[in-house]
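Coordinates in review
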Amino acid sequence: MLATALKIVTKYNYLSEKFEKAYNWLSEHDPVNMKDGRYDITDGVFAIVQRYQSVKFEEAKFESHKDYIDIQYIAKGYESFGQAYVEDCTLTESYPNDDLYFYKTPNVYTQVTLRPGDLVVVPPEEAHQPRVLYKNCEEVVKVVIKVSVR
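Notes on the structure in this doc start here. Since we're looking at a predicted model, the values are computed, not measured.

With that out of the way, let us pick up the environment of Asp99. Within the secondary structure, Asp99 sits in the loop between β6 (91-95) and β7 (100-103). Classification of Asp99 as buried rests on a relative accessible area of 6%. Each C-alpha atom, one on Asp99 and one on Gln53, is 23 Å from the other, the two residues being 46 residues apart in sequence. Ignoring sequence-local partners within four residues, the contact set of Asp99 consists of Ser64, His65, Lys66, Asp67 and Tyr68. Within the structure, Asp99 has its side chain in polar contact with the backbone nitrogen of Asp67 (distance 3.1 Å).

As a further point, take the sheet that holds strand β9 (residues 119-122). Read from one edge of the open sheet, 5 strands run β1-β2-β11-β4-β9, paired in antiparallel fashion. Two strands lie at the open edges of the sheet, namely β1 (37-42) and β9, each paired on one side alone. If you compare each strand with its neighbour and ignore which way they point, the axes differ by 20 degrees on average. Across 9 bridges, the pairing between strand β2 (residues 45-53) and strand β11 (residues 139-148) is antiparallel. Its bridge partner being in β11, Arg51 is matched across the sheet by Val141. Relative to β11, helix α2 (residues 17-28) is tilted by about 155 degrees, and along the sheet it contacts β1, β2, β4 (68-76), β9 and β11.

What counts, and where the lines are drawn
- Residues numbered from 1 in each chain as written.
- Predicted model: local features only at pLDDT ≥ 70, side-chain atom pairs only at ≥ 80, totals over all residues.
- Heavy atoms only, no water.
- Helix = DSSP H or I, 4+ residues; strand = E, 2+ residues; numbered from the N terminus.
- Buried < 20%, exposed > 50% of the residue type's maximum accessible area, 1.4 Å probe, protein only.
- Contact = heavy atoms within 4.5 Å.
- Polar contact = N/O pair within 3.5 Å; in protein donor to acceptor, adjacent residues only side chain to side chain.
- Pairing = 2+ DSSP bridges.
- Axes fitted to C-alpha atoms, helices over the stretch in contact; angles between N-to-C directions.

Printed below as a string of C-alpha cells:
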C-alpha cells in the first residue's frame, strides 16, 4: 500500500534501482530468523532488522526523517501505523545528526494496520507513527529499509 499526495508520489521514483534492490532484499531474506542489526544492501540503501513489543497509541510518537525514505516491512506480528504530513505537525524534538524528528500527535492523520508481509513507504514529507499495538501488545519483527534521497 502506498497512500500519499500526488505532489509527493511524483517526486520520487518508487521503482528506481535503489527501491528494486530493497524489495528484492526483502524477498530473499527471512528477517524472523535473522539477528537484529544493520544490513547493507547497496550504496545509499540499508536494512535494520528489529524486534520490539508494540505499545499503546499514546506512547508512540510521530516521527520523520529528512535524508531517507523509510520502507517499513512487518515480518512478524501486527501493528497499527500512523501517517500524517509533516506540514500538519508540530515539531517537539529534533536530532539532525540522527536524521530524527519527533512531533505532537497531529489533528489530521491516517492509521493503517500492517500484518506480516505488509510494508509502507514513507518519504521525508510524511511523519509516521510506528510501533502502535493492534488489539493486543505483541512482539513485532520489523525491517526498516532506509533509502537515501540523495
